Amino acid sequence: MTKHVRRRKAIAAVTAAGAVLALGLSFTSAAGAAPTDASAASAVPGNLKLIKTKTSLLGKHYWYQQTFKGLPVLNGYYAKHVDKSGKVVQVSDGRDAVPANLDVSAKVPSATATKSANAAVANRAARSRSTGGKGVVPTPTATQGAAQLVVVGGPDARLVWNVTSRSNEGVTRSLVDAKDGKLVKSEVLSDHADGRGAVFDPSPVVTLKNEDLLDNNDKNSNELFLAQKNVILRNLDGSGYLRGPYVNIKEAKGGVAYNKNNSFVFQRANDKFEQVMAYYQVNQTQEYIHSLGFTEVNNESQDFSINTFEGDNSFYDPSIDMITMGEGGVDDAEDAEVIWHEYGHAIQDDIVPGYGESAEAGAMGEGFGDYWAVTMSVPVSKNYDLPCVMDWDAVSYTPGPKHCLRRTDTGKTTDDMVGQVHADGEIWSHALWDIHKALGRNKANKVILQGTFFYAPDTSFADAARVTVQSARLLYGKAAAEQVTAAFKARKIL
């Protein structure tokens, strides 16, 4: 057997003297012993490929992909976190054991594996189709790019084709055995949310404080026109397209918006209105993140696909780094909180490669997305029921009199966990919202974003809470850490 740490997970907090104190975490190596000094911990094992280096307020974070005979090991990761002096403060080892004699030659062609995976996704989508709730589109299509040959480690180590497909469920990853063509596993990867120039900021319901507004099949109306406002679209690249350092409207129903004078004023019945919404709101988000001191939190031109999904769902696809906004019911991109929620998933995926492997990590992803939507709404919502998430989008599928997809103040604790990521996410979002109220918006978001740099892809509520507390302590001291701890204890996370 190749010597590897078997998932999941070994974490070390190291000082030069070998004392475990930087983040208050413990380390277990492959041999079950703690490293004796920082140099031992800083040595990177073999069969790793550096895939990302991130800079946070407290130092640098190096992320590696585990490989075997040149192929990526699915979900096999290794991370080294160093402070500003270069001292290693934490190591996260999520490598999987792989037999040294595993054959990595595929007998099943990639096209065959892709066809098999898409058929399985289509069948499941058809079975789950419902006449109630939000509309769905049951037919999947393969995403861009060929299936990828990867190794699955662990007790059932094997060579598989990693195939991504799209359906009403969002983006699905299917693993097809590269030897016999059998479907090994199929799971939904994307994170859903039920979805300005001129824009809504954040939405008509909030701006007009009117819960009785209706979508009316995307028609213009005098009432909804009053909710629009004219804004400056900063950081455009001058190409005439809605494209800049933080946003790229890559594709859209009816074609991407273009104006040689960079004028993008549309009313909401025009499909290009939603393209302006996505550009404006994400650019605002990144300018805010930069104002907090972070320069490497999804600091890229995020691709968007607008109104290209007929169902009333939006999702982030980590396999192609794309956010797709649906057009069922209220066009999702008409509600800024849907955009911010989805961007929250892109933030986490950028900071922590492969984020969301465990059920609790998935729930935290949904909870963080909801929280991010709410905190971004604070400056423009005039305190109108801030904890209510996606007020405008929700008018299409909630009976009222109040329209919320979810809330960040439900009072849920871990006693209320039901194993569904959106429902359980309300536990995490409530904790983050309490931190927001205790520390104030900017301090809270510095602490929350900084803590994310120390997450493992398969983190738990408790592990993530602990590194968030320690981030508060390192950034703002003991009193702040105690307030953050209290927020997590109230949800029974700590």
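Computed from a predicted structure; not experimentally measured.

Per the secondary structure count, the protein includes eleven helices and 19 strands. Per-residue burial over the protein gives 56% buried out of 494 residues. About 19,000 Å² of surface is accessible on the protein, with carbon and sulfur atoms providing 50% of the total.

Here we take up the environment of Gly-344. Mapped onto the elements of the fold, Gly-344 is located in helix H6 (residues 336–351). Residue classification places Gly-344 among the buried positions, given a relative accessible area of 0%. Considering only alpha carbons, one finds Gly-344 and Gly-367, 23 residues apart in sequence, at a separation of 9.5 Å.

With that settled, the discussion passes to the side chain of Asn-118. Structurally, Asn-118 can be placed in helix H2 (residues 110–128). There is a polar contact of 2.2 Å between the side chain of Asn-118 and the side chain of Ser-165.

Moving on, we come to helix H9 (residues 441–452). In this model, H9 (twelve residues) spans 17 Å end to end at C-alpha, consistent with the 16 Å of a helix rising 1.5 Å per residue. Among the twelve residues of H9, nine are classified as buried, and the element is accordingly described as predominantly covered.

As a further point, take the nonpolar core. Of all hydrophobic cores here, the largest spans 94 residues; its most connected members are Phe-304, Ile-347, Trp-372, Trp-428, Ile-435, Leu-449 and Phe-488. Beyond its immediate chain neighbours, meaning those up to four positions away, Trp-372 contacts Thr-285, Tyr-288, Ile-289, Trp-340, Ile-347, Asn-445 and Leu-449. Counting 16 residues, the second largest nonpolar core, distinct from the first, contains Val-98, Val-108, Ala-147 and Ala-178.

What follows is about the packing of aromatic side chains. Under the definition given, this model contains eleven aromatic pairs. With a centroid separation of 5.2 Å and 85° between ring planes, the pair formed by Phe-309 and Phe-315 is classed as edge-to-face. With respect to burial, Phe-309 and Phe-315 carry one shared label: buried. One aromatic cluster in this structure is built from Tyr-288, Phe-368 and Trp-372. A cation over a ring is seen here: Lys-80 above Tyr-62, with NZ or CZ 5.6 Å from the ring centre. The cationic tip of Arg-441 hangs over the ring face of Tyr-288; the distance from NZ or CZ to the ring centre is 4.0 Å.

Let us now look at the pattern of salt bridges. Two side chains bearing opposite charge may form a pair once their charged atoms approach each other closely. All told, the structure shown has 25 salt bridges when counted by the stated rule. Residue Arg-407 pairs with Asp-409 through a salt bridge whose shortest N-O separation is 2.8 Å. The exposure class of Asp-409 is partly exposed, given its relative accessible area of 32%. Through salt bridges with shared partners, a single ionic network connects Glu-211, Asp-385, Lys-402, Arg-407 and Asp-409.

Moving on, we come to the pairing of strand S14 (residues 247–252). One face of the sheet, then the other: side chains in a regular strand alternate in exactly this way. Relative to strand S15 (residues 302–309), S14 runs parallel, the two sharing five bridges. Across the sheet, residue Ile-249 finds its bridge partner in S15, namely Phe-304. Once you follow S14 into helix H5 (residues 272–291) and on to S15, the crossover reads as left-handed.

A word on the packing of helix H8 (residues 421–439) against helix H11 (residues 478–490). Here H8 crosses H11 at 150°, and the two axes come no closer than 8 Å. Classified by the interaxial angle, the pair formed by H8 and H11 is roughly antiparallel. As for how H8 packs across H11, the hand of that crossing is right-handed. Residue-level inspection shows Trp-428, Ala-431, Asp-434, Ile-435, Ala-438 and Leu-439 of H8 in contact with H11, the latter providing Ala-480, Gln-483, Val-484, Ala-487 and Phe-488. Of the residues belonging to the contact of H8 with H11, the class tally is nine nonpolar, one polar and one charged.

Further remarks concern the packing of helix H7 (residues 359–377) against H8. Where H7 contacts H8, the axes come no closer than 7 Å and their chain directions differ by 50°. Classified by the interaxial angle, the pair formed by H7 and H8 is oblique. Handedness of the H7/H8 crossing: right-handed. Side by side, H7 and H8 meet where Ala-359, Gly-362, Ala-363, Met-364, Glu-366, Gly-367, Phe-368, Asp-370, Tyr-371, Val-374 and Thr-375 of the first sit next to Val-421, His-422, Asp-424, Gly-425, Trp-428, Ser-429, Leu-432, Trp-433 and His-436 of the second. The residue makeup of the contact of H7 with H8, split by class, is ten nonpolar, seven polar and three charged.

Asp-201 connects to Pro-202 through a cis peptide bond whose omega is 5°. Topologically, Pro-202 is positioned in the loop between strand S12 (198–200) and helix H3 (204–208). Note that the residue after Gly-400, namely Pro-401, is joined by a cis bond; omega there is 5°. Position of Pro-401 among the secondary structure elements: in the loop between strand S18 (388–389) and strand S19 (406–407).

Our next topic: the pairing of S15. Counted residue by residue, S15 has seven buried out of eight residues, so it is predominantly covered. Two strands pair when backbone bridges link them, and S15 and strand S17 (residues 322–326) are joined in this way by five bridges, in the parallel orientation. Across the sheet, the residue bridging to Phe-309 is Gly-326, located in S17.

Moving on, we get to the state of the cysteines. Inspection of the entire model under this criterion finds one disulfide. A sulfur-sulfur separation of 2.0 Å characterises the disulfide bridge that pairs Cys-388 with Cys-404. Judged by the torsion about the S-S bond (-120°), the Cys-388/Cys-404 disulfide is left-handed. Note that Cys-388 is positioned in strand S18 and Cys-404 in the loop between S18 and S19, a separation of 16 residues in sequence.

The subject of this paragraph is the environment of Gly-181. The topology assignment puts Gly-181 in the loop between strand S9 (170–177) and strand S10 (183–188). Each C-alpha atom, one on Gly-181 and one on Pro-109, is 8.8 Å from the other, the two residues being 72 residues apart in sequence. Leaving out residues up to four positions away in the same chain, Gly-181 has contacts with Val-108, Ser-116 and Val-176.

Moving on, we come to the confidence of the model for the protein. Per-chain confidence: the protein averages 87 in pLDDT, with 85% of residues scoring 70 or above. Confidence drops under a pLDDT of 50 for residues 1–41, and excluding neighbours within four residues, the segment shows 112 contacts in the predicted structure. A low-confidence stretch, residues 129–145 (pLDDT under 50), is modelled with 35 contacts involving residues beyond four sequence positions or located in other chains.

Rules used throughout
- Residues numbered from 1 in each chain as written.
- Predicted model: local features only at pLDDT ≥ 70, side-chain atom pairs only at ≥ 80, totals over all residues.
- Heavy atoms only, no water.
- Helix = DSSP H or I, 4+ residues; strand = E, 2+ residues; numbered from the N terminus.
- Buried < 20%, exposed > 50% of the residue type's maximum accessible area, 1.4 Å probe, protein only.
- Areas by Shrake-Rupley, 256 points an atom, 1.4 Å probe, with all protein chains shown as cover.
- Polar contact = N/O pair within 3.5 Å; in protein donor to acceptor, adjacent residues only side chain to side chain.
- Expected span 1.5 Å × (residues − 1).
- Core = buried A, V, L, I, M, F, W, Y, C linked by side-chain atoms within 4.5 Å.
- Contact = heavy atoms within 4.5 Å.
- Phe/Tyr/Trp six-rings, centres within 6.5 Å; stacked < 30°, edge-to-face > 60°.
- Lys NZ or Arg CZ within 6 Å of the ring centre and 35° of its normal.
- Salt bridge = Lys/Arg side-chain N within 4 Å of Asp/Glu carboxyl O.
- Pairing = 2+ DSSP bridges.
- Right-handed = clockwise from strand over helix to strand, strands pointing away.
- Axes fitted to C-alpha atoms, helices over the stretch in contact; angles between N-to-C directions.
- Parallel < 35°, antiparallel > 145°, perpendicular 65-115°, else oblique.
- Left-handed = near helix turned anticlockwise from the far one by under 90°.
- Nonpolar A, V, L, I, M, F, W, Y, C, P; charged D, E, K, R; others polar.
- Disulfide = S-S within 2.5 Å.
- pLDDT = per-residue confidence, 0-100.

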